[in-house]
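Commentary on secondary and tertiary structure
Read off the chains here:
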Amino acid sequence: MLQRIQSIYLLFASLVLFGLFAFPLAHNIYVDGKLVNVSITGVYENVNGQDKQLQDFMALAILTVVAAIIPLIIIFLYKNRKQQIALCYGAILLLIGYSFWMAQTVKKVVGDIKLEYKNMGIGLFLTSLSIVLIIFAVKAIQRDEKLVRSADRLR
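We now turn to the structure provided with this report. (Residues numbered from 1 in each chain as written. Predicted model: local features only at pLDDT ≥ 70, side-chain atom pairs only at ≥ 80, totals over all residues. Heavy atoms only, no water.)

A few words now on the sheet that holds strand β4 (residues 50-56). Within the open sheet, the 4 strands sit side by side as β1-β2-β3-β4. Their pairing is antiparallel. In the strand order of this sheet, the two ends are held by β1 (26-31) and β4, each with one partner. Across this sheet, the average inter-strand angle for adjacent strands is 35°, counted without regard to direction. In terms of strand pairing, strand β2 (residues 34-39) meets strand β3 (residues 42-47) through 4 bridges, oriented antiparallel. Paired with S39 across the two strands is G42, which belongs to β3. Seen against the sheet, helix α3 (residues 81-110) touches β1, β2, β3 and β4 and runs at an angle of roughly 30° to β1. (Pairing = 2+ DSSP bridges. Helix = DSSP H or I, 4+ residues; strand = E, 2+ residues; numbered from the N terminus. Axes fitted to C-alpha atoms, helices over the stretch in contact; angles between N-to-C directions. Contact = heavy atoms within 4.5 Å.)

A separate point is the nonpolar core. With 38 residues, the main nonpolar core has L25, V38, I40 and I134 as its most contacted residues. Those elements giving two or more residues to this core turn out to be α1 (5-18), β1, β2, α2 (58-75), α3 and α4 (123-154). Counting residues per element, this core draws most heavily on α3, which supplies 10 residues. Residues in contact with L25, not counting those within four places in the same chain, are L20, V38, S39, I40, M102, V106, N119, M120, G121, G123 and L124. (Core = buried A, V, L, I, M, F, W, Y, C linked by side-chain atoms within 4.5 Å. Buried < 20%, exposed > 50% of the residue type's maximum accessible area, 1.4 Å probe, protein only.)

So, about the packing of aromatic side chains. Tallied over the full model, the rule gives 1 aromatic pair. Between the aromatic rings of Y9 and F136, the centroid separation amounts to 5.6 Å while the plane-to-plane angle is 50°, which identifies the pairing as tilted. Residue Y9 is located in helix α1, and its partner F136 is located in helix α4; the two are separated by 127 residues in the primary sequence. Taking the relative accessible area as the measure of exposure, Y9 reaches 24% and is therefore partly exposed. (Phe/Tyr/Trp six-rings, centres within 6.5 Å; stacked < 30°, edge-to-face > 60°.)

Printed below as a string of structure tokens:
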């Protein structure tokens, strides 16, 4: 059913992942004497208020789009709840691997510099929020499946 709470959770999970394009992973870091910001699309140097791209993360950006579209696809598979649950678990595994890849990318850019809490961007935490939202969606789908099974028993 399209109007169920799991649809809201999955929609928000997708929006949170698309939010990675708006928020940096790390900001105001000095790398090789340059003030840089790290985002999903690349490394940007702040020069006179303008962002100049130093490095491109095309593969990471493409995987971000794919990971953000998956919850939207899951919403429209509402007729097959078991498949929805399986795809949600697959999306969670994908996001865990994606988070690891994203963290390693930031670590590679930062190098030996210790990343402090004040330099961490909101983007580092958005994948975790998306995973939590997908877990909530799985729980709601399982409640629906249990309700349908109990209604089938009564017939």
